Amino acid sequence: MKMIRAIVRPEAADVVAEGLAEAGFFSMTKIPVFGRGKQKGIMVGSVHYDELAKTLLMIVVEDRDQEAVLKLITSKAYTGNFGDGKIFVTSVEKALTVRTGASGL
Amino acid sequence: MKEITAIIRPKKVGATKTALEQLGFPGLTAVAVLGRGRQRGIASEVNLDLSPELLSQGKSGGMKYIPKRMLTLVVPDDDVDCVMTAIVNINQTAQVGDGKIFVSDVEDAMRVRTGERGEKAII
């Protein structure tokens, strides 16, 4: 299994979530976060914003679905400007459903 | 070392923390998160009474996202199973929405105060 953590624009989070649901990936976790990227925040006039509001989407999928989900997130969150976000993929060894205690997604 | 990420009901955080503390894992990170699972967010825990007319218009009684608490803790390899069992035992209510637990590998850890590396940093 893979954990996909996508940091996207807050306004794109719902579009991504709906797209994922349409493709059959209903389960996800959404976290409001603040951060900055390579551009060191943003300069608006003379005001420098160090940390920008983003939304972190956390999805755990089977290995075979990884590429499909990555493609979906990149297409839905894309605007072509700086600040579209980043996606990180880490491996998950085990998943457990609390209610049943069964392992697996 | 393994990282255990548990997404549980906000109501159960206190009991889970107490249980983990008794096991010897007092340190954890808790984040308020929004999410949905296989039931697509429309869970019985947010059951609202809607008139049949509204329901027939396609308006559901549920919510798109459900507030949950995400607990993250890093434990030595040998303790993964006992921590997972403890979390499952505390959080089981037999209703959907009890949450999920994910386990992933952590390569290294470092304590900021002393600069200790590896397992020494998390014990």
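This text gives an overview of the structure that appears in the document. (Residues numbered from 1 in each chain as written. Chains lettered and ligands numbered in written order. Predicted model: local features only at pLDDT ≥ 70, side-chain atom pairs only at ≥ 80, totals over all residues.)

### What about the overall build of chain A?
Helix and strand content of chain A: two helices and seven strands. Principal-axis analysis of the C-alpha atoms places the extent of chain A at approximately 55 × 25 × 20 Å. Burial analysis of chain A (105 residues in total) assigns 25% to the buried set. Excluding contacts between residues fewer than 6 apart, the proportion of contacts in chain A whose partners are at least 24 apart in sequence is 68%. (Helix = DSSP H or I, 4+ residues; strand = E, 2+ residues; numbered from the N terminus. Buried ≥ 20, exposed ≤ 12 C-beta atoms within 10 Å, placed from the backbone. Contact = placed C-beta atoms within 7 Å.)

### Considering unusual backbone geometry
What you tend to see is this: most non-glycine residues have negative phi, and most peptide bonds are trans. Of note in this structure, Lys40(A) is not a glycine but carries a positive phi near 55 degrees. Assignment of secondary structure puts Lys40(A) in the loop between strand 2 (28-35) and strand 3 (42-44). You can call Lys40(A) exposed: it has 10 C-beta atoms within 10 Å. Phi is positive for Ala94(B), close to 70 degrees, though the residue is something other than glycine. Examined against the element boundaries, Ala94(B) turns out to sit in the loop between helix 3 (80-91) and strand 4 (100-105).

### Quick look at the interface of chain B and chain A
Each partner contributes residues to the interface: chain B has 27 residues there, and chain A has 20 residues. For the side of chain B that touches chain A, the secondary structure elements donating two or more residues are strand 1 (2-8), strand 2 (29-36), helix 3 and strand 4 of chain B. Sheet topology note: the strand 2 of chain A/strand 2 of chain B ladder contains three bridges and is antiparallel. In the sheet register, Thr29(A) faces strand 2 of chain B, and the bridge partner there is Gly35(B). (Pairing = 2+ DSSP bridges.)

### A closer look at the environment of Ser104(B)
By secondary structure assignment, the location of Ser104(B) is in strand 4. Judged by C-beta crowding, with 18 C-beta atoms within 10 Å, Ser104(B) ranks as partly exposed. Spatially, the C-alpha atom of Ser104(B) lies 5.3 Å from that of Glu3(B), the residues being 101 residues apart in sequence. Setting aside chain neighbours within four positions, we find Ser104(B) in contact with Met3(A), Thr90(A), Ser91(A), Val92(A), Glu93(A), Lys2(B) and Glu3(B).

### Some words on the environment of Ile87(B)
Residue and element names in this part refer to chain B. Tracing the chain through its elements places Ile-87 in helix 3. For the pair Ile-87 and Ile-8, spaced 79 residues apart in sequence, the C-alpha separation works out to 9.0 Å. Apart from the residues lying within four places of it in its own chain, the contact partners of Ile-87 are Ala-6, Thr-16 and Ile-101.

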